[in-house]
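Residue-level structural notes
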Amino acid sequence: MEFHVTIDPSDDAAVALLRELAGRGEVMVPVHGPGTALVLGGARSGKSFWAESQLADAADVEYVATSYYDPDDAEWVERIRLHRERRPSSWRTTETVDLPAVLAADDPAPVLVDCLAVWLDRVLFDADAWNDAPGWREGLRSKVDALVNAIRTTRRDAIFVTNEVGLGIVPATPGGRLYRDELGRLNVAVAAAVDEVWTCTAGIARRIR
Ligand SMILES: Nc1nc2c(ncn2[C@@H]2O[C@H](COP(=O)(O)OP(=O)(O)OP(=O)(O)O)[C@@H](O)[C@H]2O)c(=O)[nH]1
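Residues numbered from 1 in each chain as written. Predicted model: local features only at pLDDT ≥ 70, side-chain atom pairs only at ≥ 80, totals over all residues. Heavy atoms only, no water.

1. A short note on the side chain of Arg156
Threshold: Helix numbers and strand numbers start at the N terminus; a helix is a DSSP run of H or I with at least 4 residues, a strand a run of E with at least 2. Whether a residue is buried, partly exposed or exposed follows from its accessible area with a 1.4 Å probe, protein chains only, as a fraction of its type maximum: under 20%, in between, or over 50%, in that order. Distance and chemistry together define a polar contact, namely a pair of N or O atoms within 3.5 Å, with one atom able to donate a hydrogen and the other to accept it when in protein, and with adjacent residues in sequence counting only for side-chain atoms on both sides.
Here Arg156 shows up in the loop between helix H6 (136–153) and strand E5 (158–163). Judged by its relative accessible area of 4%, Arg156 is buried. Only 2.9 Å separates the side chain of Arg156 from the backbone oxygen of Val102, close enough to count as a polar contact. At 3.2 Å, the side chain of Arg156 and the backbone oxygen of Asp107 are in polar contact.

If you want it as structure tokens, here you go:
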């Protein structure tokens, strides 16, 4: 008998139950093959959950967190605590934006990069793009080129999570427009370099390439 069930990815109890059932082989989550994959989705769309569930059977996974860890931001600290709690204890966490180094490492463990949208935010911030500092475009281009090259040449299985933004109105601020445009370009460049592209909407994952 086959049932199709949609869960709310922000419902921690439902996610824990689904993960347990998936681990016992009692439910199927759409799966990607070996190699590299990009998954796009909105906030709380279930994209991270989908990426994590793809690797649920692997004991050794390198989870690459691209986000800041600001101990003074209590809400963010709590979010990250929940993320860490839901990852299997055997997984490793690397907090870095140096994705080419991770992808070039001679390491058999699959990689889960969460996420490219935050990676871009940090690259733009470091280059002072928000203040239109000289050379930020060239700096960004060379970082994106290095990332794309590393994805094309990596020998590691890797899943990249990213946000789909810009489905709404044009942002009112120059910074908002800059970020939206650059994230769209980054997603296009990475999608062209990976083996598979997935999208996640309202907790439902679909392969689109
Ligand atoms: N520094 C750090 N960041 C982490 C860690 N674990 C998760 N994160 C970050 O948490 C962020 C995801 O936060 P959420 O707000 O829950 O994600 P979301 O994109 O809204 O939700 P989903 O659609 O479920 O992916 C990513 O940018 C990760 O880099 C960690 O151990 N350290």
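After presenting the structure, the write-up continues.
2. Brief notes about the packing of helix H5 (residues 116–126) against H6
A pair of packed helices can be characterised by two numbers: the angle between their axes and the separation between those axes. Spelled out, the test is: Axis geometry follows a simple rule: fit a line to the C-alpha atoms, using only the stretch in contact for helices, then measure angles between N-to-C directions, giving values from 0 to 180 degrees. In a left-handed crossing the near helix is turned counterclockwise from the far helix by less than a right angle, and in a right-handed crossing that turn is clockwise. Two residues qualify as a contact provided that any one of their heavy atoms is within 4.5 Å of a heavy atom in the partner residue. The nonpolar class holds Ala, Val, Leu, Ile, Met, Phe, Trp, Tyr, Cys and Pro. Asp, Glu, Lys and Arg form the charged class, and all remaining residues, Gly among them, are polar.
At their nearest, the axes of H5 and H6 sit 10 Å apart, and the two run at 145 degrees to each other. Here the hand of the crossing between H5 and H6 comes out right-handed. Residue-level contacts link Leu116, Trp119, Leu120, Val123 and Leu124 of H5 to Trp136, Leu140, Lys143, Val144 and Leu147 of H6. Residue composition of the contact of H5 with H6, by class: nine nonpolar, no polar and one charged.

3. Considerations on H6
Given 3.6 residues to a turn, an α-helix orients residues that are three or four positions apart in the same direction. We count it as follows: The span one expects for a helix is its residue count, reduced by one, times 1.5 Å. This arc is built from the directions going out from the helix axis to the C-beta atoms.
The first and last C-alpha atoms of H6 sit 26 Å apart over 18 residues, in line with the 26 Å expected at 1.5 Å per residue. Along H6, the positions that sit buried rather than exposed are Trp136, Leu140, Val144, Leu147, Val148, Ala150 and Ile151. Axial view of H6: buried residues confined to an arc of 160 degrees, hence all on one face. Among the exposed residues of H6, those oriented more than 90 degrees off its buried face are Glu138, Asp145, Arg152 and Thr153. Taken together, the buried residues of H6 touch strand E1 (36–41), helix H4 (99–104), H5, E5 and helix H7 (174–193).

4. Focus: the pattern of salt bridges
Filter applied, for reference: In what follows, salt bridge is the name for a side-chain nitrogen of Lys or Arg lying within 4 Å of a carboxyl oxygen of Asp or Glu.
Inspection of the entire model under this criterion finds 13 salt bridges. Across the salt bridge formed by Asp60 and Arg92, the nearest N and O atoms sit 3.0 Å from each other. With Asp60 in the loop between helix H2 (47–54) and strand E2 (62–65) and Arg92 in strand E3 (residues 92–95), this pair connects stretches of sequence that are 32 residues apart. For Arg79, the salt bridge goes to Glu75, with nearest N and O atoms at 2.9 Å. With a gap of four residues between them, Arg79 and Glu75 both fall in helix H3 (residues 74–86), about one helical turn apart. Of the residues examined, Arg79 reaches a relative accessible area of 33% and is grouped as partly exposed.

5. What about the site of the ligand?
Rules: Near is defined per residue: the residue qualifies when any heavy atom it owns lies within 4 Å of the molecule or strand. Surface exposure here means Shrake-Rupley accessible area, sampled with a 1.4 Å probe, where a residue is shielded only by the protein chains that are shown.
Near the ligand there are 22 residues, and of these Lys47, Ser48, Arg79, His83 and Asp114 occur at the shortest range. Ser45 places a main-chain nitrogen or oxygen 3.1 Å from an oxygen atom of the ligand. Relative to its unbound accessible area of 680 Å², the ligand is 94% covered by the protein chains. The biggest single contributor to the shell around the ligand is H3, with five residues. Class assignment of the residues belonging to the shell around the ligand gives a composition of seven nonpolar, eight polar and seven charged.

6. With respect to the packing of aromatic side chains
The line we're drawing: Stacked, tilted and edge-to-face are the three classes applied to pairs of Phe, Tyr and Trp rings, where Trp contributes its six-membered ring and a pair requires centres within 6.5 Å; stacked means planes under 30 degrees apart, edge-to-face means over 60, and tilted covers the rest. We call a charge positioned over a ring when the NZ of a Lys or the CZ of an Arg lies within 6 Å of the ring centre and within 35 degrees of the ring normal.
If you walk through the whole model with that rule in mind, you get two aromatic pairs. With 6.4 Å between their ring centres and 90 degrees between their planes, Tyr68 and Phe125 make a pair best called edge-to-face. Taken together, the residues Tyr68 in the loop between E2 and H3 and Phe125 in helix H5 connect sequence positions 57 residues apart. The class of Tyr68 is partly exposed, set by a relative accessible area of 35%. The side chain of Arg122 reaches across the aromatic face of Tyr68, ending 4.5 Å from its centre.

7. Topic: the sheet that holds strand E6 (residues 196–201)
Worth spelling out the cut-off: By the convention used here, strands pair only if DSSP detects at least 2 bridges between them.
As summarised here, the arrangement of the seven strands in space is E3-E2-E4-E5-E1-E6-E7, forming an open sheet in which the pairing is mixed. Each edge of the sheet is formed by a strand with only one pairing partner; in this case those strands are E3 and strand E7 (204–207). Neighbouring strand axes in the sheet, compared pairwise and without regard to direction, differ in orientation by 20 degrees on average. In this structure, E1 lies alongside E5, joined through six bridges in parallel fashion. Residue Thr36 lies in a different strand from E5, and its bridge partner there is Ala158. In this fold H2 packs onto E1, E2, strand E4 (111–114), E5, E6 and E7, with an angle of close to 175 degrees to the strand it touches most, E5.

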